[in-house]
Every structure is written in C-alpha cells, then in structure tokens.
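Chain and residue survey
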Amino acid sequence: MYSRTSLVARILAAAVLSGVSLASATGHAAGSDKAFFDRVSGQWKGPGEIVAGKYKGTKFTCELTGASIDQGPAGLKMDGFCRVGVFKQPMTATIQRGGKSYKGTFLDGSDGKGLDVISGNVGKDKVVVGINRKKLNGAMIARLADDRTMNITISVKVEETMVPVIGVSLTRQVDEIAVGSIKP
C-alpha cells in the first residue's frame, strides 16, 4: 500500500502539470495551445488539499516552475516540489502535443511510480488531460482565473462517476523589484 506522502505525491503529480480535465469535443490550433502554455510559464506557489478518500483533509503546499516547450510540438514542463508537513516530494510533469491530443508523464510515468497523460485538450484559459496508472483513470483540469491565479482539480473515476480528490490553488510568484528601480 502507499504511504500518505507517496499517495499525495502520485496524485499531486497529476495535478501539478498544468491542470487538466477530460478532452472537450472541439480542438484548438497549436498556436493557441502554445499561447496558453506561455501564460502558465513562470513560478507558482500555493496550498492544496486532498478533498476525498482515505487521506481527506491532508493539506500540502507546492512550489513549481513551468516552462513552455520551445522545440517540437506545443507542450509544457513543470518542475518543483510539494510538501506535506516536513516531507518534501519532488514533482515533475511534461505534456506535449501528440497528433490531435496530448501525451506525457507525471513523475516517471506509469512504468515507474507516476502517471501517464493519455489525452488532452487546451482552451483559452484551461488545459484538460486524461490521466492513467494501471486501473486508475482520471482527469486533471488546470484553469487560469487570471494571469496570477491557477486552480487545479484532479478527479478519479469511481465506477462511472468522476470524483474530485485534490484541489490546488497556485499564485504566480513575481519579482517585487520594479523594472527600472535599480540604478546602474
């Protein structure tokens, strides 16, 4: 069985990438996908909570850095960590366009201790990806409320119902020193 930290890490890895949900019926051009990924690029920090299941009520914080993939098809890579109490878990996730959808991994993918991104769609203000690990199927939705706030929800499929299990609210970290305020 998974330890609390290990389980949180696996589920968070899915959430961390950029927020995903099930693919919508309409597709978007690669240019608008890249525009979304560019908006997600940067440093993010914020709290999260497991909202269902055995570890319901477990709180954590994440610090992540997103970078739009410039080489090849549109994509995004997020790196950083999430902390539960004194335990710190490295986080990494990559999604990249593969044909008409998206593919990628959280942590080391389902062949290791992570999850696979098996589908996805990017809209103006959100990305939705299908996630999988063996018999676990779910979705991650990352929604930009504005240029400084990103909310992520991870849901898993229980029988025929999608059940939200993790919520994360990230705030963009910006340099507080105003440009031009440093004298040469």
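Rules of the game
Residues numbered from 1 in each chain as written. Predicted model: local features only at pLDDT ≥ 70, side-chain atom pairs only at ≥ 80, totals over all residues. Heavy atoms only, no water. Pairing = 2+ DSSP bridges. Helix = DSSP H or I, 4+ residues; strand = E, 2+ residues; numbered from the N terminus. Axes fitted to C-alpha atoms, helices over the stretch in contact; angles between N-to-C directions. Disulfide = S-S within 2.5 Å. Buried < 20%, exposed > 50% of the residue type's maximum accessible area, 1.4 Å probe, protein only. Salt bridge = Lys/Arg side-chain N within 4 Å of Asp/Glu carboxyl O. Phe/Tyr/Trp six-rings, centres within 6.5 Å; stacked < 30°, edge-to-face > 60°. pLDDT = per-residue confidence, 0-100. Contact = heavy atoms within 4.5 Å.

1. So, the sheet that holds strand 10 (residues 161–173)
Judged by pairing direction, the barrel is antiparallel, and its ten strands sit side by side in the order 1-2-3-4-5-6-7-8-9-10 before closing back on the first. Averaged over all adjacent pairs, the angle separating strand axes in this sheet is 25 degrees, with direction ignored.

2. Considering the environment of Tyr 55
Locating Tyr 55 in the fold gives a position in the loop between strand 1 (42–50) and strand 2 (59–68). Taking the C-alpha atoms as reference points, Tyr 55 and Val 165, 110 residues apart in sequence, are found 9.5 Å from one another.

3. Considerations on the state of the cysteines
All chains considered together, the criterion is met by one disulfide. With a sulfur-sulfur separation of 2.1 Å, Cys 62 is cross-linked through a disulfide to Cys 82. Across the S-S bond linking Cys 62 and Cys 82, the dihedral sits near 105 degrees, which makes this disulfide right-handed. One end of the pair, Cys 62, is in strand 2; the other, Cys 82, is in strand 3 (residues 75–84), and 20 residues separate them in sequence. The pair formed by Cys 62 and Cys 82 is uniform in burial state, with each residue classed as buried.

4. Describing the pattern of salt bridges
Enumeration over the complete set of coordinates arrives at nine salt bridges. We note a salt bridge from Lys 77 to Asp 79, for which the minimum N-O separation is 4.0 Å. Since its relative accessible area comes to 35%, Lys 77 is described here as partly exposed. Overlapping salt bridges, with partners in common, bring together Lys 34, Asp 38 and Asp 70 in one network.

5. Section: the packing of aromatic side chains
All told, the structure shown has two aromatic pairs when counted by the stated rule. Aromatic pair Phe 37 and Tyr 102: ring centres 5.9 Å apart, planes at 80 degrees, arrangement edge-to-face. One end of the pair, Phe 37, is in helix 2 (residues 30–40); the other, Tyr 102, is in strand 5 (residues 101–106), and 65 residues separate them in sequence. Ring pairs connect the aromatic residues Phe 36, Phe 37 and Tyr 102, which therefore count as one cluster.

6. Regarding the confidence of the model for the chain
Any residue range with low pLDDT should be treated as having predicted coordinates unsuitable for detailed reading. Per-residue pLDDT for the chain has a mean of 81; in total, 78% of the residues score no lower than 70. When the elements of the chain are averaged for pLDDT, helix 1 (residues 4–16) gives the smallest value, 48, and strand 1 the largest, 96. Under a pLDDT of 50 for its full length, residues 13–29 has, in the predicted model, 70 contacts with residues more than four places off or in other chains.

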